[in-house]
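Remarks on the overall topology
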Amino acid sequence: MQKQEAKAILDRAISLARGAEIEVMLGGGTDALTRFANNEITQNVEERRYLLSVRILQGKRTGRATGNDLSEKGIARLIERAAEATRHQPEIPDLLPLPGPQRYRQVDALDPETESLGADARAREVGKAVARCREAGLEGAGIYEVRAGTIGDYGEIGPLAIANSRGLFAYHMGTSAEFLVSALDGMASGWAGYESHSVRGVDGSALSKRAVEKAARSRGPKAWDPGRYTVVLEPAAVADLLQDMSWISFGALLVQEGRSFLSGKIGQKVMGENITLSDDPFHPLHRGSPFDAEGMPTVPTTILSRGVAKSAVYDRQTAAKEGRESTGHGLPVPNTYGPIARHLVLEGGTGGVEDLIRRVDRGLLVTRVWYTNVVDPKTVTLTGMTRDGLFAIEKGKVTHGVRNFRFNQSVVEMLNQVEAMSAQEAAGGVVCPGLLVHGFQMSSATEF
Amino acid sequence: MKDLARLAIDTAQARGASYADARAIELTREDIQVKNGEVGGLDLGASAGIGVRVLVQGAWGFSATDDLTKDGIERCAASAVSIGRASASLEHDAVRLAPEPGHRAVWASQCAKDPFQVSLETKLDLLFRIDSEMRAVQGVKNAESFLSFQRKHQYFLSTEGADIEQTLTRSGGGFSATAVSPDDVQRRSFPQAEGFHQALGYEFIEATPYVQNARRIAEESVALLTAEQCPAGERDIILEGSQLALQIHESVGHPTELDRVLGMEANYAGTSFLTLEKQGKLQFGSRLVNLVADATLPHALATFGFDDDGVQAQRWPIVRDGLFVGYLTSRELAHRVGEDRSKGCVRSDGWFHIPMIRMVNLSLMPGSGSLEDLLADTGDGLLMETNRSWSIDQLRYNFQFKTELAWEIRKGKRVRMLKNPTYQGITTGFWNSCDFICGPEEWKPWGVTNCGKGQPGQVAEITHGAAPARFRKVTVGVGYED
């Protein structure tokens with residue numbers, strides 16, 4: 001949706017509220033996804049939808065109503081429902097008034113070619129990936145997804161435009177493209193993926209080639225004993241672990257409530273000196289929104305600098321508690337979760353994952369991890385499985401496939417044991433390098 | 001809305017679809033949260049839209065829109081056909097739908113007291129009473145409670161003559177207390193982790209003893225901070241119903257989804273170790289283990305009149321006397337296991353997403369005896385309660401769960417509370433070690449409301465009934481050995 005159209009809808013809502021304190025958020029767009037498996041297209045979908053969320057403030061009370069009827073009648077009904085929700089609830093003593101107008105950095109995230117890419121073009125690219133798998137006698141499975149706007153991975157909708165009755169207006173439109181491919185040979189598998197704001201770098205054939213090579217190397221995996229290993233984690237694996245860490249660690253509310261490993265440790269050294277981690281939607285490999293769900297400008301925030309805990313990320317509420325400014329990481333108000341860092345950037349080194357492999361005498365190469373979950377929040381101990389390519393590294397070379405492991409590993413401990421890093425990539429919603437890590441805890445084996 | 005669904009399938013057919021169905025859905029929600037004496041969220045949600053699914057040259061296309069004008073619907077249907085044509089442009093086996101009569105029916109879940117007619121004051125009053133009970137306990141850092149209501153009103157029309165109107169209402173809620181020390185975070189929840197929902201009206205909320213349990217749960221969260229760590233080793237464990245429900249969900253439900261078995265989820269959720277040759281041959285569990293899929297279970301979250309393929313709800317065995325016998329199927333895939341009718345397991349989480357195989361209600365049938373009988377029979381072991389985390393590999397062999405607490409059992413009695421209990425195993429070995437399942441008096445429906453699957457991701461809600469059960473010589477304490 002164009003800026004003027006979005007603004008007109010939000011302005012109409014503010015005007016229909018007839019002077020009430022009101023915040024209006026519009027989100028949505030299009031999500032088109034071609035899914036393939038067994039070397040054919042199995043699902044092929046496109047959705048177009050928008051959602052309007054209206055929040056009314058009456059003194060220290062606030063309530064929200066959400067709907068997708070964007071007609072004048074529909075908007076009026078939403079305002080009525082939000083007012084009703086607000087009227088019936090007790091006061092929130094710490095509720096903040098709406099913010100006034102803000103200034104935002106522009107992010108060049110809208111790629112017209114990506115926005116208009118159709119099902120035929122997606123099918124052609126999928127066809128190239130499938131052809132590689134067929135040639136190798138493997139089964140290809142994956143997706144080619146193209147989005148414009150703010151529909152999330154599970155259909156959740158983020159803010160595309162926000163306005164309020166104090167004159168704030170924010171708008172950001174971006175595109176994204178993702179191509180993922182798995183190549184399967186019975187229980188052996190390989191995987192490769194690419195993500196960007198633009199389809200221009202998508203190469204289904206090249207990705208499929210990588211997945212096929214990994215699957216071929218995975219055949220006849222040997223069983224290694226569980227234990228602590230030196231591992232090379234490819235960027236996709238690192239990203240998954242960092243995302244989970246972020247959800248339970250980097251928001252200011254978590255820190256304030258004592259639930260984060262950073263609680264009471266800001267200013268202290270908590271990681272190895274080679275670890276610098278920030279949240280930065282303006283990084284060219286992210287191109288995220290320049291504002292949060294309160295309409296506050298997002299400020300790039302250094303979370304860890306050379307191993308020292310520097311800062312959590314803040315929304316207005318948690319910032320007010322500490323007498324500081326929001327960093328623009330808030331969710332829709334009110335909420336029980338607090339702010340979230342969603343554009344992580346881990347500083348990397350130079351060279352590729354293959355350079356990390358060369359440094360390992362005996363260890364494991366982890367392509368990606370799967371089904372991670374939190375075992376212990378204060379140590380950021382996660383469990384999960386290796387997947388789609390676990391390999392032995394012996395004397396600097398990948399030698400054979402290894403049966404997958406379950407790991408139970410503290411990410412804090414892991415980031416204290418990083419020997420080397422590759423160059424950064426965009427993977428799994430994070431910008432990060434591959435890591436060479438010592439003492440990674442593989443706790444049990446599985447059957448493949 | 002029904003006229004729009006009709007327009008959609010007529011348009012799709014005119015554009016060349018050999019089959020089309022349309023789901024026109026109005027969804028109403030109400031979500032209320034209270035945290036530490038304040039409203040943490042209050043959102044009244046409504047959305048309406050239409051999803052059109054077509055077969056063109058034997059390949060699927062799907063398009064969804066919230067533009068409910070005549071032009072908008074026609075564009076959406078035309079788009080679905082174009083997408084289907086693009087799907088067909090790659091070499092493929094033509095989709096064959098198992099036959100199903102074109103049902104014409106109206107179906108609604110039971111709802112004695114419409115939750116959307118109960119005032120917000122009444123709901124907030126309940127949440128604040130729960131909240132104050134929890135916060136009366138010293139040491140509770142976060143008291144969080146919620147209520148959630150949803151109504152889905154759906155028309156399903158197909159070019160095969162189906163004309164089905166369904167209304168599903170569900171109500172639920174729950175609460176948790178979190179206690180924090182400098183090096184520990186402990187949580188207790190009620191009635192289960194992430195709350196508990198049923199396909200009922202507000203009468204379900206009124207019948208659930210939230211307030212009566214709030215203080216106990218809060219006290220247990222604080223007590224966990226000073227409880228002993230659950231030691232690592234091999235122990236006999238008893239899983240209470242809600243944890244067992246998630247165990248069923250992850251290690252039985254997902255691996256029996258036929259789309260996973262056939263590789264259609266390979267890139268994301270994974271495949272399954274329950275490959276076709278194992279049906280009727282694999283001793284999945286001990287002879288005590290009987291698991292039944294049932295889309296007709298009263299008040300359950302995945303109970304319906306008809307699935308999103310238009311197939312009537314059914315009940316059938318998945319594991320009988322320990323033997324793996326059944327899959328969760330669709331019209332598209334039933335023939336792959338030699339069946340001439342779908343079991344009716346296709347659902348979507350909204351008008352905007354394509355229907356796919358999702359778990360229906362899947363329950364462990366009760367054995368005999370009370371929980372006290374089971375404890376007495378156990379001697380020494382661990383009773384694990386309420387899920388805290390979960391993980392399982394992409395073929396569904398290796399799992400690991402953590403519960404909020406464990407009770408150490410000695411000589412048949414609960415002797416002390418242990419914190420951070422984890423257990424890990426391999427699916428078939430674990431279910432074959434089951435040697436005691438409590439009886440019908442201990443059997444309850446539990447639920448999962450956050451089951452993710454598919455690309456784009458979809459969230460499903462499923463009920464799993466279970467009574468406490470015992471599993472022998474299970475690895476416990478994983479992740480806390482050092």
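Residues numbered from 1 in each chain as written. Chains lettered and ligands numbered in written order. Predicted model: local features only at pLDDT ≥ 70, side-chain atom pairs only at ≥ 80, totals over all residues.

Another aspect to go through is the overall build of chain A. Across its full length, chain A carries ten helices and 21 strands. For chain A, the C-alpha radius of gyration of 23 Å lies close to 22 Å, the compact-globule estimate for 448 residues. Summarising its shape, the C-alpha atoms of chain A cover approximately 70 × 55 × 35 Å along the three principal directions. Here chain A, with 448 residues, has 59% of them falling under the buried criterion. Considering only residue pairs separated by 6 or more positions, chain A has 72% of its internal contacts joining residues 24 or more positions apart. (Helix = DSSP H or I, 4+ residues; strand = E, 2+ residues; numbered from the N terminus. Rg over C-alpha atoms; globule rule 2.2 N^0.38 Å. Buried ≥ 20, exposed ≤ 12 C-beta atoms within 10 Å, placed from the backbone. Contact = placed C-beta atoms within 7 Å.)

What follows covers the interface of chain A and chain B. The interface is formed by 76 residues belonging to chain A together with 74 residues belonging to chain B. Here the element with the most residues in the side of chain A that touches chain B is strand S2 (residues 40-58) of chain A; it accounts for twelve residues. Pairing of S2(A) with strand S3 (residues 59-65) of chain B involves four bridges; the strand directions are parallel. Bridging across to S3(B), Val45(A) finds its partner in Phe62(B). (Pairing = 2+ DSSP bridges.)

All names here are of chain B. By size, the foremost hydrophobic cluster in this structure holds 288 residues, and its most contacted members are Ala8, Ile50 and Val52. Taken together, domain 1 (2-226) and domain 2 (229-476) each give at least three residues to this core, which thus spans both. Here Ala8 is in contact with Ala22, Ile50, Val52, Ile73, Cys76 and Ala77, once residues within four sequence places are set aside. (Core = buried A, V, L, I, M, F, W, Y, C linked by C-beta atoms within 7 Å. Domains from an automatic or database assignment.)

With that settled, the discussion passes to the pairing of strand S7 (residues 175-185) of chain A. All names here are of chain A. The buried fraction of S7 amounts to ten of the eleven residues, a majority that puts the element mostly inside the structure. By the bridge criterion, ten bridges tie strand S4 (residues 139-149) to S7 in an arrangement that is antiparallel. Paired with Glu145 across the bridge in S7 is Glu178. Of the pairings in the sheet, the one linking S7 to strand S8 (residues 188-196) comprises nine bridges and is antiparallel in character.

Moving on, we come to the domain arrangement of chain B. Size of an interface: often given as the accessible area lost when the parts come together. Residue and element names in this part refer to chain B. What the domain assignment reports for chain B is domain 1 (2-226) and domain 2 (229-476). Each of domain 1 and domain 2 was reduced to a C-alpha centroid, and the two centroids are 21 Å apart. Taken together, the residues that form the side of domain 1 that touches domain 2 break down as 20 nonpolar, twelve polar and ten charged. (Nonpolar A, V, L, I, M, F, W, Y, C, P; charged D, E, K, R; others polar.)

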